[in-house]
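In case you want the letters, here they are:
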Amino acid sequence: FELTVQPLPVKFQGTIEVNPKLPKEDENVVCTVTLNKPIKDEQSVRWLLNGEPIVPNERFQIRFDGAKTILTIKKVRPEDSGVLECFLVATNDK
């Protein structure tokens with residue numbers, strides 16, 4: 001008898017949580033995605049705004065807390081509106 005255990009792949013648990021839902025100009029917006037297990041390789045998570053990669057800077061901050069990835073947009077502006085997406089890039093994360 002032989003037992004082989006395979007790790008679960010990383011998957012999203014739910015949708016992007018946005019707080020506040022309808023931000024006013026100059027408010028901070030926090031977007032949170034929860035995964036089914038902690039991320040070991042932070043490079044495997046990609047945030048996009050209107051199809052363009054979000055590059056962390058003073059206004060756009062990305063952090064990780066266990067199984068959560070958190071995008072903070074400081075002092076949101078009208079040009080920050082659009083489609084926000086979070087992707088997992090294939091890695092050897094186990």
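Look a little higher up for the structure.
Residues numbered from 1 in each chain as written. Predicted model: local features only at pLDDT ≥ 70, side-chain atom pairs only at ≥ 80, totals over all residues. Heavy atoms only, no water.

I tried to follow the overall build of the protein chain on my own but got confused; where do I start?
Within the protein chain, the regular secondary structure consists of zero helices and seven strands. The order of α-helices and β-strands along the protein chain, N terminus first, is β-β-β-β-β-β-β. Structurally, the protein chain occupies a C-alpha span of about 65 × 20 × 20 Å along its principal axes. In the protein chain, buried positions account for 27% of the 94 residues. Long-range pairs, those at least 24 residues apart, make up 61% of the contacts in the protein chain with a sequence separation of at least 6. In the structure as shown, the protein chain presents an accessible area of about 6,900 Å², 52% of it carried by carbon and sulfur atoms. A gap of 4 Å separates the mean positions of the 13 positive and 14 negative side-chain charges of the protein chain. (Helix = DSSP H or I, 4+ residues; strand = E, 2+ residues; numbered from the N terminus. Buried < 20%, exposed > 50% of the residue type's maximum accessible area, 1.4 Å probe, protein only. Contact = heavy atoms within 4.5 Å. Areas by Shrake-Rupley, 256 points an atom, 1.4 Å probe, with all protein chains shown as cover. Lys, Arg positive; Asp, Glu negative; His and termini not counted. Charge placed at Lys NZ, Arg CZ, Asp CG, Glu CD.)

Just checking my understanding: could you explain the pattern of salt bridges for this structure?
Where charged atoms from two side chains of opposite charge approach closely, those side chains can pair. By the definition in use, this model includes one salt bridge. For Asp80, the salt bridge goes to Arg59, with nearest N and O atoms at 2.3 Å. You can see Asp80 sitting in the loop between strand 6 (68-73) and strand 7 (84-88) and its partner Arg59 sitting in the loop between strand 4 (52-53) and strand 5 (60-65), a full 21 residues away along the chain. Each member of the pair, Asp80 as well as Arg59, carries the same accessibility label: buried. (Salt bridge = Lys/Arg side-chain N within 4 Å of Asp/Glu carboxyl O.)

I keep staring at a nonpolar patch on the surface and nothing clicks. Help me out?
Together, Phe1, Leu3 and Val5 line one region of the surface with nonpolar side chains, adding up to about 490 Å² of accessible area. Within the element layout of this structure, Phe1 appears in the segment before strand 1 (17-19). (Patch = residues over 30% accessible without salt bridge, like charges linked within 9 Å, V, L, I, M, F, W, Y side chains within 5 Å.)

Just to check I follow, could you spell out the environment of Val89 for this structure?
Within the element layout of this structure, Val89 appears in the segment after strand 7. Judged by relative accessible area, which is 35%, Val89 ranks as partly exposed. Sequence spacing of Val89 and Asn50 is 39 residues, and the spatial spacing of their C-alpha atoms is 18 Å. Once residues within four sequence positions are removed from consideration, Val89 is found in contact with Ser44 and Arg46.

I tried to follow the side chain of Thr69 on my own but got confused; where do I start?
On the secondary structure map, Thr69 appears in strand 6. In this structure the side chain of Thr69 is engaged in a polar contact, spanning 3.3 Å, whose partner is the side chain of Trp47. Excluding residues within four positions of it along the chain, Thr69 makes contact with Cys31, Thr32, Val33, Val45, Trp47, Ile62, Arg63, Phe64 and Cys86. (Polar contact = N/O pair within 3.5 Å; in protein donor to acceptor, adjacent residues only side chain to side chain.)

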